[in-house]
Amino acid sequence: MKPAAPLKKVRKAVIPAAGLGTRFLPATKASPKEMLPLVDKPIIQYVVEEAVAAGIEQIIIITGRGKRAIEDHFDISFELEEELKGKKKQKLLEEVERISNMVDFCYVRQKRPLGLGHAINCARDLVNDEPFAVLLGDDVIDDEVPCLRRMIDAHEECSASVLGIQKVPRADVSSYGIIDAAEASRGLYKVRDMVEKPSPKEAPSNLAVIGRYILMPEIFEYIGKTPPGKGGEIQLTDALRLMLKDRPIYGLELVGKRFDAGSKIGFLKATVEFALKNPELGKEFRTYLKNLPL
Ligand code: UTP
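Every value quoted in this text rests on a predicted model; they were computed, and no experiment measured them.

Quick notes on the environment of Met35
Then, in step 1: Turning to its location among the elements, Met35 is positioned in the loop between β1 (12–16) and β2 (37–38).
Then, in step 2: Spatially, the C-alpha atom of Met35 lies 30 Å from that of Asp153, the residues being 118 residues apart in sequence.
Then, in step 3: Those residues in contact with Met35 that lie beyond four places of it in its chain are Pro42, Ile44, Ala69, Ile70 and His73.

Side note on the site of the ligand
Then, in step 1: Taken together, 19 residues are adjacent to the ligand, and Gly19, Thr22, Arg23, Gln110 and Gly115 come closest.
Then, in step 2: Taking Gly19, its main chain carries an N or O atom lying 2.8 Å from an oxygen atom of the ligand.
Then, in step 3: Within the backbone of Gly21, a nitrogen or oxygen atom sits 3.0 Å from an oxygen atom of the ligand.
Then, in step 4: Considering the ligand on its own, with 570 Å² of exposed area, one finds that the protein chains cover 82% of that surface.

Details of the side chain of Ser205
Then, in step 1: Secondary-structure assignment places Ser205 in the loop between β10 (188–196) and β11 (207–215).
Then, in step 2: The residues touching Ser205, leaving out its near neighbours within four places in the chain, are Arg170, Val173, Ile178 and Ile179.

What to know about the pairing of β1
Then, in step 1: Counting buried residues along β1, five of its five residues qualify, which places the element largely inside the surrounding structure.
Then, in step 2: Judged by which residues are buried, β1 turns out to be covered on both faces: Lys12, Val14 and Pro16 on one side and Ala13 and Ile15 on the other are all buried.
Then, in step 3: Where β1 and strand β4 (residues 58–63) come together, five bridges link them in parallel fashion. Looking at β4, one finds that Val14 is bridged to Ile60.
Then, in step 4: In this sheet, strand β6 (residues 132–135) lies alongside β1 in parallel orientation, the contact comprising two bridges. Residue pairing across strands places Val14 opposite Val134, the latter belonging to β6.

As for the nonpolar core
Then, in step 1: Among the nonpolar cores identified, the biggest contains 42 residues, and Ile44, Ile56, Ile59, Ile61, Phe74 and Leu148 are the most heavily contacted of them.
Then, in step 2: Looking at this core element by element, the count peaks at six residues for helix α7 (residues 147–158).
Then, in step 3: Ignoring any residue separated from it by four or fewer positions in sequence, one finds Ile44 in contact with Ile15, Ala17, Glu34, Met35, Ile61, Ile70, Phe74 and Gly137.
Then, in step 4: In terms of nonpolar packing, the next biggest core, distinct from the first, is built from 35 residues, Ile165, Val191, Ile234 and Ile249 among them.

Let's talk about the side chain of Lys12
Then, in step 1: Looking at the secondary structure, you find Lys12 in strand β1.
Then, in step 2: Judged by its relative accessible area of 9%, Lys12 is buried.
Then, in step 3: One polar contact links the side chain of Lys12 to the main-chain carbonyl oxygen of Leu126, over a distance of 2.8 Å.
Then, in step 4: Aside from chain neighbours lying at most four places away, what touches Lys12 is Ile56, Gln58, Leu126, Val127, Glu130, Phe132 and Ala133.

Observations concerning the packing of aromatic side chains
Then, in step 1: All told, the structure shown has six aromatic pairs when counted by the stated rule.
Then, in step 2: Taking the centre distance of 4.9 Å and the plane angle of 45 degrees together, the rings of Tyr46 and Phe274 count as tilted. Of this pair, Tyr46 sits in helix α1 (residues 43–53) while Phe274 sits in helix α10 (residues 264–277); the two residues are 228 residues apart in sequence, bridging distant segments of the chain. Take Tyr46 and Phe274: they sit in the same class, and that class is buried.

Some details on helix α9 (residues 236–244)
Then, in step 1: Those residues of α9 that fall on the buried side of the exposure criterion are Leu236, Thr237, Ala239, Leu240, Met243 and Leu244. One face of α9 carries all of its buried residues, which in axial projection span an arc of 160 degrees.

Section: the pattern of salt bridges
Then, in step 1: Applying the stated criterion to the full structure yields 24 salt bridges.
Then, in step 2: The shortest N-O distance in the salt bridge between Lys41 and Glu49 comes to 2.7 Å. Just as Lys41 is buried, Glu49 falls in that class too.
Then, in step 3: The salt bridge partner of Lys85 is Glu82, with a shortest N-O separation of 3.3 Å. Here the residue Lys85 and the residue Glu82 both occupy positions in helix α3 (residues 78–86), the gap between them amounting to three residues, near one helical turn.
Then, in step 4: By relative accessible area, Glu82 is classed as partly exposed at 36%.

With respect to unusual backbone geometry
Then, in step 1: Cis geometry is found at the peptide bond from Leu25 to Pro26, where omega equals 5 degrees.
Then, in step 2: Note that Pro26 resides in the loop between β1 and β2.
Then, in step 3: Even without being glycine, Asn128 reaches a positive phi, approximately 65 degrees.
Then, in step 4: One can find Asn128 in the loop between α6 (124–127) and β6.

Rules used in this analysis
- Residues numbered from 1 in each chain as written.
- Predicted model: local features only at pLDDT ≥ 70, side-chain atom pairs only at ≥ 80, totals over all residues.
- Heavy atoms only, no water.
- Helix = DSSP H or I, 4+ residues; strand = E, 2+ residues; numbered from the N terminus.
- Contact = heavy atoms within 4.5 Å.
- Near = heavy atom within 4 Å.
- Polar contact = N/O pair within 3.5 Å; in protein donor to acceptor, adjacent residues only side chain to side chain.
- Areas by Shrake-Rupley, 256 points an atom, 1.4 Å probe, with all protein chains shown as cover.
- Buried < 20%, exposed > 50% of the residue type's maximum accessible area, 1.4 Å probe, protein only.
- Pairing = 2+ DSSP bridges.
- Core = buried A, V, L, I, M, F, W, Y, C linked by side-chain atoms within 4.5 Å.
- Phe/Tyr/Trp six-rings, centres within 6.5 Å; stacked < 30°, edge-to-face > 60°.
- Arc of directions from axis to C-beta.
- Salt bridge = Lys/Arg side-chain N within 4 Å of Asp/Glu carboxyl O.

Written as C-alpha cells, this is what we have:
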C-alpha cells in the first residue's frame, strides 16, 4: 500500500471581505465594514495580525465593490510615508511601514456577493492543493495565543479540516451554523453533522461555528458541487456537509473572547474592551466609564 502523502503546511489564509455589511448600514453604504476602526486600527487589521502571528505567509483577501480602502490600507503609502519622514514622526512612520510589510497580500474580486462558499472558491487558483486557513474579516478574537495557531496545531494533530467553534447560549443558536459532534479529546470534537441557523428546538447542540476554519483543499470540489441554498447563496456549511459524507471534519473549541464586529453591538463591545486594554487610553477611559451616570 502507498504511504499517505505527508500533510502540507498551512501557509495561506483567505479572508473573505466581499459581503455587503447590511447589519451596519448606513455606515457601510460607501465604506467597507472591515475598515471601521476598533480604537485605532481597522477591524481587518486585527484579523490579519492574528494570521501573521499564527505563522501564515500569504493572505488572500476576497474583496468586492466599494472595498478598495482595504487594498490601500495594506499597501505602501508613498506620500504619507514621505510626509512622516519629513516631519520626523518616526514612531508613526514605523507603524505605517509595518502594516504593508507584515506579510504577502493578494486580492481577488468577487464580482457579486453570492455567499461565503462562493467567496472562498474565488481563491481556488491561488490556494491550489494545500490546506489553508479562512478567517472572516469581521470576526475578532482576543486570545493570548493566536486562535488560528491553536487551530493549525489541531489540524496537524488530526490531519483533517478543523472548524473553530464556541458554545453559545441556546437562545442564540439561530444566528449560527451548529454542529452535532462527539468530543474526541479535550476541546476537539469529531463532527457528525451540521445545521445552518436552526431554531433552539431543532439545534443538535449549542456548539456554534465561528469565523475561523482550516480547510483541506478538497473543499473546492465540494463547493463546486454545492447548489445555491438559503438566499440564493452558495453556503460554506452546505459544502462542508457534502464533504462530511466522505471525509472527517473536526471542531476545535476556542477559548479566546470573540467579537462579531460586523454587528453594531459586537462592534461596541469590542471597542470598549480594546480601549480599556490600550496602554495610552485605558486608564482615562476607565475613569470616564466609571463616572458615567448609568
Ligand atoms: P456575513 O453575512 O457576516 O457578512 O458574512 P455580510 O454579508 O457582509 O454582512 P451582513 O450580514 O449583510 O451584515 C460573513 C463573511 O463572509 C464575507 C463577508 O464579507 C463576511 O466577512 N462574505 C459573505 C463574502 O466575502 N462574500 C459573500 O458573498 C458573502
